[in-house]
Each structure stands twice: as structure tokens, then as C-alpha cells.
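A structural walkthrough
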Amino acid sequence: MFSGIIEAVGLVTRIVTGDGMREISIEAPTLCDDLAIGDSVSLDGACHTVTGLTKDGFAVESIGTTLSRTVAAHYQTGTRINLERALVVGARLDGHFVQGHVDGTASVLALQPQDEYWLLDVQLPQVVAEATILHGSIAINGVSLTVNALPDQASCQVAIIPHTWAHTNLSSLSIGDSVNLEGDMLGKHVLKGLTQRTPGGQLDGG
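The following paragraphs examine the structure supplied in this document.

Overview of the sheet that holds strand β5 (residues 57-63)
Around the barrel, which closes on itself, the six strands sit in the order β1-β2-β5-β4-β3-β6 with antiparallel pairing between neighbours. Strand-to-strand twist across the sheet, computed as the mean angle between neighbouring axes with direction ignored, equals 45°. Across seven bridges, the pairing between strand β2 (residues 21-27) and β5 is antiparallel. Across the sheet, the residue bridging to Met21 is Ile63, located in β5.

Written out as C-alpha cells, the structure reads:
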């Protein structure tokens, strides 16, 4: 479980491609001191397990569904990645509940500077659109953001404050780039409960 508050932006230093998997090495000196093999780390919002440690970073393995549903399949040497370690029980939750289970990727539609902040518009896959409400939460590349506008059923807009712009890889985005999206966890559970109810008000199978 994560919060969507990015701790560091790491740099991909090495990629080894195997049969249906990619071993990704990431330079992230500020995260290394407190990492152990087996720990969970969010890479652009996608939960990965630390499989190796180096002096200035760590390694993970992306396989199967992760490669098919996230931007990890497109990482190259030099790619900047938003990083967050798993939440500690009892810690303050500053963002929103982010599972690290990316629902899919989507394209950046617009990126507009507005004085001190930026407006970012992205496509919404149906599974994310159904759980997204105005002023609700969404995770874009692992960043906890508030839905600023819903121009239509297939896109949403968020506002990015200067701190988030300076401390995440959102500032590296261009129109047409792909980003990881995770819809609001609470919204998805509410939607699931509603769609499983029968006309009589009982849950299917209840």
C-alpha cells in the first residue's frame, strides 16, 4: 500500500531483457539506506519487489501483467521514475490510498502552464473513468492528484502545484506520452458493490 507522495525520482541505469521479463536497475541514493531485498517500491505507481541492492540504488524485475499494463515496458536507460516505498503502519497518510496496482496506461492530451502551476489532461480508460469523480483522487505515474475537471467521459484534468512539478517526473511529460493510471480505490469498491446488487437490493449470490 502506498500514499501517492513521491519520495524520490530515480534514474534507470541498466535494463536486462529476458523471456517475458525485464530486470531494471535504478539509481536512487536517497532511498538506498532504508531498503532491503523483498521490500515493495512503487515505480511510477506500479508496485515492484526489490530483488537486488547496489551502492546507489536497487533492482527490480517486471514480468507478465506488469509489462502489459504499465509504462515499465518502455523504460530505457536514463528514464526518470517516480519512487515511493511502501507505507508504514501508523504513519501519516498525506495523499490517498494507492494500491500500486495500475489499471492501465493512457496518453497525455494536454499540458498547460498556468502562472505558478500546470494543468495536465489525460485519457481515462473505462475502468478508471467509471471510478473517477470531480474532486476525487487519481494516481498518475504514482502521484496522488485531485481531479480538477472532467471534460468528458474519457478524460480528466488535474492541477500540478510547483512542488509536485519539481519533485516528480511529471515535469518530463510531453503530449502523447504514456502514463500509468490507478483509479481511486474507494471509488472502485463502491462501484463494484453497486453493480453486484440485484433489483431487489440484495447482492448477487447473497
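From this point, the discussion proceeds with the structure in view.
Comments concerning the pattern of salt bridges
For the structure shown, the criterion picks out three salt bridges. Residue Glu7 is joined to Arg85 by a salt bridge in which the shortest nitrogen-to-oxygen separation is 2.4 Å. Note that Glu7 is positioned in the segment before β1 (8-18) and Arg85 in strand β6 (residues 80-85), a separation of 78 residues in sequence. Residue classification places Glu7 among the partly exposed residues on the basis of a relative accessible area of 36%. A cluster of three or more residues bridged by salt bridges with shared partners is formed by Glu7, Asp34 and Arg85.

Some words on the packing of aromatic side chains
Counted by the stated rule, this structure contains one aromatic pair. Between Trp118 and Trp165 the ring centres are 4.1 Å apart and the planes differ by 5°, which places this aromatic pair in the stacked class. Separated by 47 residues along the polypeptide, Trp118 in strand β8 (residues 117-123) and Trp165 in helix α4 (residues 162-167) bring together distant segments of the chain. On the basis of relative accessibility, which here comes to 16%, the residue Trp165 falls in the buried class.

Here we look at the sheet that holds strand β11 (residues 155-160)
Strand order in this closed barrel of six strands is β7-β8-β11-β10-β9-β12, and the pairing throughout is antiparallel. Averaged over all adjacent pairs, the angle separating strand axes in this sheet is 45°, with direction ignored.

Points about the nonpolar core
Judged by nonpolar contacts, the single largest core of 21 residues is most densely connected at Leu120, Ile138, Ile140 and Leu181. Within the residue set of this core, elements represented by two or more residues are β7 (104-114), β8, β9 (137-140), β10 (143-152), β11 and β12 (178-183). Among all residues touching Leu120, those that are not within four sequence positions of it are Val108, Ala110, Leu111, Ile140, Cys156, Gln157, Val158, Ile160 and Leu173. One finds Leu35, Val71, Ala72 and Leu83 within the second-largest nonpolar core, a separate group that totals 18 residues.

What counts and how
Residues numbered from 1 in each chain as written. Predicted model: local features only at pLDDT ≥ 70, side-chain atom pairs only at ≥ 80, totals over all residues. Heavy atoms only, no water. Pairing = 2+ DSSP bridges. Helix = DSSP H or I, 4+ residues; strand = E, 2+ residues; numbered from the N terminus. Axes fitted to C-alpha atoms, helices over the stretch in contact; angles between N-to-C directions. Salt bridge = Lys/Arg side-chain N within 4 Å of Asp/Glu carboxyl O. Buried < 20%, exposed > 50% of the residue type's maximum accessible area, 1.4 Å probe, protein only. Phe/Tyr/Trp six-rings, centres within 6.5 Å; stacked < 30°, edge-to-face > 60°. Core = buried A, V, L, I, M, F, W, Y, C linked by side-chain atoms within 4.5 Å. Contact = heavy atoms within 4.5 Å.

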